[in-house]
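Structural description and commentary
The lines below spell out each chain.
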Amino acid sequence: MRCFRALIVVAFAAVVTPASAQAPASSRASTAERAVARVLTQTDYDLWRSIQGATLSNDGRWVLYTVQPLVGEGELVVRSTATDTEYRHTRGFTGRPPAPGIPGGGGPGEEEEEEEGGGPAARFSSDGRFVVFLVEPSRMDVEAAERDPGRGSAQPRNSLAIMRLADGQVTFLPDVGSYGMAEESARYVAVLLEPDSAAARPGAQDSARAPNVAAAEPGGVPRPVAGDSSGRAAGRRKVYGSTLVLRELATGEETRVADVVSFRFNRAGTWLAYAVSSRTPANDGVYLRSLTSGAVTAVLTGPGNYRQLGFDRAGEQVAFVSDRDEHGSEQPRFTLYHATIASPPARALVTSDGVAGGQSVADRGQLGFTRDGTGLLFSIAPPSLDSIPADSLADKAVYDLWHWRDPRLQSQQQLSARRDRQRTYTGVYHLAAGRFVQLTNDSFPSVSLSDDGRIGVTSTNVPYAVESMWGDGGTDVYLVDALTGARTKVLARASSEATLSPAAKYLTWFNEGRWFAHGIASGTTVDLTGPTGVQFDQETHDRPSTPPAWGVAGWTRDDASVLVYDRFDIWELDPVGVRAPRVVTDSVGRRSGISFRVEQLDPEERFLDPARPLLLRAVDDETKASGFWQDRLDADSPPTRITMMDRSVGSPSKARNAEQYLVTQSTFREFPDLWTGPQLDRLTRISNANPQQSEYRWGTVEIVSWLNTDGVPVRGLLYKPDDFDPAKKYPMVVYFYEQHTRGLHNYSAPSGRNVINAPVYVSKGYLVFMPDIHYTDGYPGPSALKTIVPGVQYLIAQGFVKPDGVGIQGQSWGGYQTAYVITQSNLFSAAMAGAPVANMTSAYGGIRWESGNSRAGQYESGQSRIGGSPWEFPTRFIENSPLFHADRIRTPLLIMHNDNDGAVPWQQGIEMFIALRRLGREAYLINYNGDAHNPRKRANQRDMDIKMQQFFDHHLTGAPAPDWMVVGIPFLVKGRDQLVPPTAASNGAQGRFDDR
């Protein structure tokens with residue numbers, strides 16, 4: 001049953017043998033646990049798997065999840081919460097290596113995690129009797145197709161699998177493009193087949209092929225199907241549909257509908273809406289099928305495109321857009337249509353002629369009802385720009401003009417050009433009033449509306465767009481009367497966004513360390529927290545910018561009160577300001593050093609119910625232990641502990657209709673497997689994703705404390721090998737970014753790229769030290785130095801660190817700090833800096849090319865923490881720049897900086913390398929051609945991992961230097977080291993080095 005390749009050749013919807021029930025995975029690890037531990041190597045990385053899409057059935061009787069390798073075939077696991085029954089089934093080649101040549105960089109200076117593969121999450125039927133999931137082609141079939149791209153329609157395709165939980169029996173539907181199920185009905189699954197696999201019909205082989213999409217959104221809208229969400233050009237071409245299969249889960253009975261391009265169930269599963277695009281134009285249209293009687297009603301028909309199907313929450317209304325009235329014209333425009341289930345013929349609500357300023361109803365963007373169903377939100381497209389013929393500028397000047405008053409830099413405009421061409425604005429149609437209002441435009445790009453669509457909040461940063469380049473921007477906040485479109489300014493130059501309360505009675509925001517509420521009916525603004533004297537902004541914020549709030553926990557029913565956080569506790573605030581603020585958690589959090597945060601178990605709940613207990617997630621700031629507590633809003637009693645443990649406990653989920661919980665628990669040694677039970681203090685582990693770990697050398701982790709050079713207490717994490725002996729001396733690598741101790745109980749799967757992986761290095765016999773950096777504004781480099789060096793000296797004094805075997809490594813911001821530290825200290829025997837800033841004076845004026853943003857704000861108010869501009873603090877920019885102190889470096893330095901780095905200009909790495917070359921210091925610069933801030937190409941990730949290990953092994957343990965360190969790789973033999981033994985590839989370089 002696990003061989004997908006063999007299964008798809010069976011007849012359509014053939015039933016295969018049941019998936020075997022298996023004992024818990026944890027009981028199958030005994031053999032591995034007895035194996036001899038061995039050192040982790042690159043060949044082992046792909047053995048590690050993650051858990052994705054973990055979900056409880058509504059009745060709490062089952063858990064499903066996908067066990068997903070980074071590269072390889074995923075596996076669905078469905079496990080009983082009450083017994084040892086477990087079903088497993090392949091999901092095909094879901095873990096695929098990152099594609100080479102992906103443009104762009106990492107995030108905004110932050111470290112970038114490995115990308116995880118995996119298909120769409122599997123889904124339970126609402127009654128918990130079936131599991132529906134996509135099975136992708138096998139790895140063998142995918143790789144065969146890649147070798148033979150000319151196979152065309154014979155390319156491997158997805159199948160839909162339906163598992164019956166009574167016995168694990170699995171049924172397959174091949175050649176599936178997308179599928180959907182109703183949220184509150186277990187009767188049907190709807191499947192849209194790939195177009196050329198549909199039932200034969202005239203010209204079917206010419207149909208446009210639907211993309212290989214995943215599961216549909218809840219209710220059944222594919223993402224997208226056959227160009228259903230395409231741009232304006234799609235309105236000028238006909239996109240034909242394929243066969244829709246409506247299958248009854250319990251009986252297997254099927255109904256087929258031809259030429260469907262999109263579909264959607266209502267929430268209750270009583271109606272199915274679908275759009276048809278046929279080679280028989282008279283069949284085009286939107287149809288409603290009663291899932292009770294099977295009757296089909298035409299909502300609107302006629303040649304044209306029909307898109308953006310949507311039901312209201314009650315499932316009594318449907319809306320869509322169509323170009324029926326202009327179909328066939330050069331540039332057909334769309335009209336917004338609406339129908340009720342009780343009276344299906346659709347009526348036109350807004351035509352493109354009815355939208356001002358040459359705008360039109362859009363066939364993309366959003367279309368949906370307000371929460372109460374009284375209004376209809378839809379998208380409006382601004383007039384399209386005329387394109388410039390490609391050859392019209394052949395003999396003309398082609399240039400960019402950077403204007404000092406442009407709200408956005410040219411680099412930002414270029415990157416967002418495609419999005420800007422496809423941008424849409426939001427309109428609302430009030431059904432009772434029969435009125436359409438446009439709510440957003442270029443200056444006010446977004447709006448948040450009340451449940452009835454009558455009140456909204458919008459904001460604009462246009463007046464401060466230029467200042468935002470260096471971090472001095474702001475936002476003006478407006479209330480919107482959505483019935484008229486009138487805006488009223490309530491807040492100028494705000495440092496944070498304002499939000500609308502769930503019942504739309506108040507607007508709340510955080511400014512200058514205080515919470516405010518604005519009564520929408522009264523028009524009055526109240527300072528809610530100023531009188532308390534409590535710090536509600538983040539006291540741990542260590543950048544030269546305004547500290548943000550700790551956040552909002554939620555609102556009680558009917559907007560009676562709002563709950564907000566300080567660092568540790570939860571406060572209840574009266575938005576009118578009459579009742580004094582109350583510490584819900586009785587200050588237990590601050591007294592105990594435990595931070596409390598509200599867990600919302602039901603995503604449908606809009607309010608916190610004072611009559612029901614509050615579930616709180618708790619984290620001990622000192623020990624990093626975590627767990628759950630309980631409190632009440634209707635009683636003045638302190639919170640009570642449910643459970644706390646020396647682990648990282650994830651946010652829980654709860655079965656919709658049962659007292660059954662699902663959480664993850666992890667430590668450095670224990671993968672975050674799944675635990676379930678009827679109470680949060682009565683949990684049983686039900687997964688064992690990585691039993692092979694017991695075969696390998698691992699390690700332990702602990703928090704260590706010391707004083708930085710200024711006498712400030714600081715902490716860090718120290719990872720030790722399994723067989724650590726304090727009488728021995730170990731090589732040690734120091735790795736850091738900003739803060740790490742909060743991850744004391746985090747699990748890291750072994751992997752390799754451009755950062756230190758603690759399990760891999762401790763398995764090799766290293767110590768790994770990760771200090772928390774204590775920053776002082778204006779002096780980021782000295783801050784790192786004052787923290788790291790005393791920490792290393794403290795550990796050396798303990799007697800188990802090899803004094804001449806300490807290395808240092810960082811990536812991005814960590815790479816900068818690494819480069820700075822070795823200009824001020826010779827404590828380290830080797831250093832690796834990934835994508836470092838070497839010269840702050842030149843980096844300040846650079847561009848983050850993956851976003852187009854200026855780097856100025858990063859220095860003045862962001863992560864680089866200088867606190868001002870080069871003309872305000874010229875000496876700070878020079879003093880903090882490693883380049884200007886490069887003559888002090890005696891530490892061998894390995895630099896990685898890639899020429900498609902979208903975060904830090906790669907010339908920064910070149911500046912550092914050229915300086916060290918000029919000074920005659922040992923330095924290496926690796927540039928993975930065309931790759932990003934963090935390498936995306938898998939081969940580059942693995943190569944960097946190996947080179948970094950070789951570099952540190954040589955300098956810290958005395959291992960022989962690899963050829964690339966000894967003789968280099970000249971350009972003329974570039975790439976040969978990948979094909980032939982390194983010594984042969986590098987022969988041509990020897991003379992060059994000997995002559996130096």
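The rules we used
- Residues numbered from 1 in each chain as written.
- Predicted model: local features only at pLDDT ≥ 70, side-chain atom pairs only at ≥ 80, totals over all residues.
- Heavy atoms only, no water.
- Helix = DSSP H or I, 4+ residues; strand = E, 2+ residues; numbered from the N terminus.
- Contact = heavy atoms within 4.5 Å.
- Areas by Shrake-Rupley, 256 points an atom, 1.4 Å probe, with all protein chains shown as cover.
- Pairing = 2+ DSSP bridges.
- Axes fitted to C-alpha atoms, helices over the stretch in contact; angles between N-to-C directions.
- Salt bridge = Lys/Arg side-chain N within 4 Å of Asp/Glu carboxyl O.
- Buried < 20%, exposed > 50% of the residue type's maximum accessible area, 1.4 Å probe, protein only.
- Expected span 1.5 Å × (residues − 1).
- Polar contact = N/O pair within 3.5 Å; in protein donor to acceptor, adjacent residues only side chain to side chain.
- Arc of directions from axis to C-beta.
- Core = buried A, V, L, I, M, F, W, Y, C linked by side-chain atoms within 4.5 Å.
- Parallel < 35°, antiparallel > 145°, perpendicular 65-115°, else oblique.
- Nonpolar A, V, L, I, M, F, W, Y, C, P; charged D, E, K, R; others polar.

Some thoughts on the overall build of the protein
Broken down by element type, the protein carries 18 helices and 55 strands. Partitioning the intrachain contacts of the protein with sequence separation of at least 6 by distance along the chain shows that 58% fall at a separation of at least 24. Looking at the protein as shown, the accessible area adds up to about 41900 Å², and 50% of this sits on carbon and sulfur atoms.

Focus: the sheet that holds strand β5 (residues 123–124)
Strand order in the open sheet formed by four strands is β5-β6-β7-β8, with antiparallel pairing between adjacent strands. Of all strands in the sheet, those with a lone pairing partner are β5 and β8 (169–173), marking the two edges. As paired strands, β5 and strand β6 (residues 130–135) are joined by two bridges and run antiparallel to one another. When the sheet's bridge partners are listed, F124 is paired in β6 with V131.

What to know about the sheet that holds strand β19 (residues 347–350)
One open sheet holds the four strands; their spatial order is β16-β17-β18-β19, and the pairing between them is antiparallel. A single partner strand is all that each edge strand has here, and the edge strands are β16 (306–311) and β19. Strand-to-strand twist across the sheet, computed as the mean angle between neighbouring axes with direction ignored, equals 30°.

Topic: the pattern of salt bridges
Any two side chains of opposite charge can pair, so long as their charged atoms come close to each other. Using the criterion set out here, one finds 57 salt bridges in the structure. Between E326 and R333 there is a salt bridge; the shortest N-O distance is 3.1 Å. The exposure class of R333 is partly exposed, given its relative accessible area of 29%. Note that R423 and D442 form a salt bridge whose closest N and O atoms lie 3.1 Å from each other. With R423 in the loop between α6 (417–421) and β23 (425–430) and D442 in the loop between β24 (435–438) and β25 (447–449), this residue pair connects regions lying 19 residues apart in the sequence. Under the relative-accessibility criterion, R423 is labelled partly exposed at 31%. Linked by salt bridges that have partners in common, R49, E75, R79, D84, E86 and R88 make up one network.

Focus on helix α9 (residues 780–797)
Helix length check: α9 (18 residues) gives 26 Å between terminal C-alpha atoms against 26 Å at 1.5 Å per residue, within 8%. Taken across its 18 residues, α9 has 13 buried, putting it largely inside the fold. Residue G799 follows α9 closely and has a positive phi angle near 95°.

Let's talk about the side chain of T676
Among the structural elements, T676 can be located in strand β44 (residues 673–679). Here T676 falls in the buried class, since its relative accessible area comes to 2%. At 2.9 Å, the side chain of T676 and the side chain of Q660 are in polar contact.

A look at helix α14 (residues 907–919)
Between its first and last C-alpha atoms α14 spans 18 Å; for 13 residues at 1.5 Å apiece the expected length is 18 Å, and the two agree. Those residues of α14 not exposed but buried are Q908, G909, M912, A915 and L916. The arc that holds the buried residues of α14, viewed along the axis, is 130°, so those residues lie on one side. Exposed residues pointing more than 90 degrees away from the buried face of α14 are listed as R917 and R918. The inward-facing, buried residues of α14 abut α10 (813–824), α11 (840–844), β54 (893–896) and β55 (923–926).

Things to note about the environment of P610
Structurally, the position occupied by P610 is in the loop between β37 (594–598) and β38 (614–620). Separated by 24 residues in the primary sequence, P610 and D634 have C-alpha atoms spaced 5.5 Å apart. Once residues lying within four places of it in the same chain are set aside, the contact partners of P610 are T556, R632, L633 and D634.

Some remarks on the nonpolar core
The biggest cluster of nonpolar side chains holds 52 residues, and the ones touching the most others in it are M732, V734, F769, I788, V792, I808 and F828. Excluding anything up to four places from it in sequence, F769 contacts V704, W706, G716, L717, L718, M732, V733, V734, Y735, G791, V792 and L795. Listed in part, the 48 residues of the second largest apolar core include V67, L717, Y719 and M944.

Examining unusual backbone geometry
Trans peptide bonds make up most of the peptide bonds, and negative phi angles are found at most residues other than glycine. Of note in the backbone geometry, R493 takes a positive phi value of approximately 45° without being a glycine. Position of R493 relative to the elements: it lies in strand β28 (residues 486–494). Within the chain, E512 stands out as a residue other than glycine whose phi angle is a positive 50°. The residue E512 is located in the loop between β30 (506–511) and β31 (514–519) in this model.

Topic: the side chain of N754
Among the secondary structure elements, N754 is positioned in the loop between β48 (730–735) and α8 (758–763). The class of N754 is buried, set by a relative accessible area of 0%. A distance of 3.2 Å separates a polar atom in the side chain of N754 from a polar atom in the side chain of R753. At 3.0 Å, the side chain of N754 and the side chain of Q811 are in polar contact. Residues contacting N754, with those up to four places away along its chain left out, are Q809, Q811, M896, H933, N934, P935, M944 and M948.

Examining the environment of I910
Along the chain, I910 turns up in helix α14. The sequence separation of I910 and N927 amounts to 17 residues, and the corresponding C-alpha distance is 9.7 Å.

Some remarks on the pairing of strand β7 (residues 159–164)
Taken across its six residues, β7 has five buried, putting it largely inside the fold. Bridge count between β6 and β7: six bridges; the pairing is antiparallel. Across the sheet, residue V132 finds its bridge partner in β7, namely I162. Strand direction decides the pairing type here: β7 and β8, joined by five bridges, are antiparallel.

Focus: the packing of α9 against α10
At a closest axis distance of 9 Å, the pairing of α9 and α10 adopts a crossing angle of 75°. Between α9 and α10, the angle is such that the two are roughly perpendicular. Here P780, G781, P782, A784, L785, I788 and V789 of α9 lie close against α10, whose contacting residues are W813, Y816, Q817, Y820, V821 and Q824. Broken down by class, the residue content of the contact of α9 with α10 amounts to 10 nonpolar, three polar and no charged.

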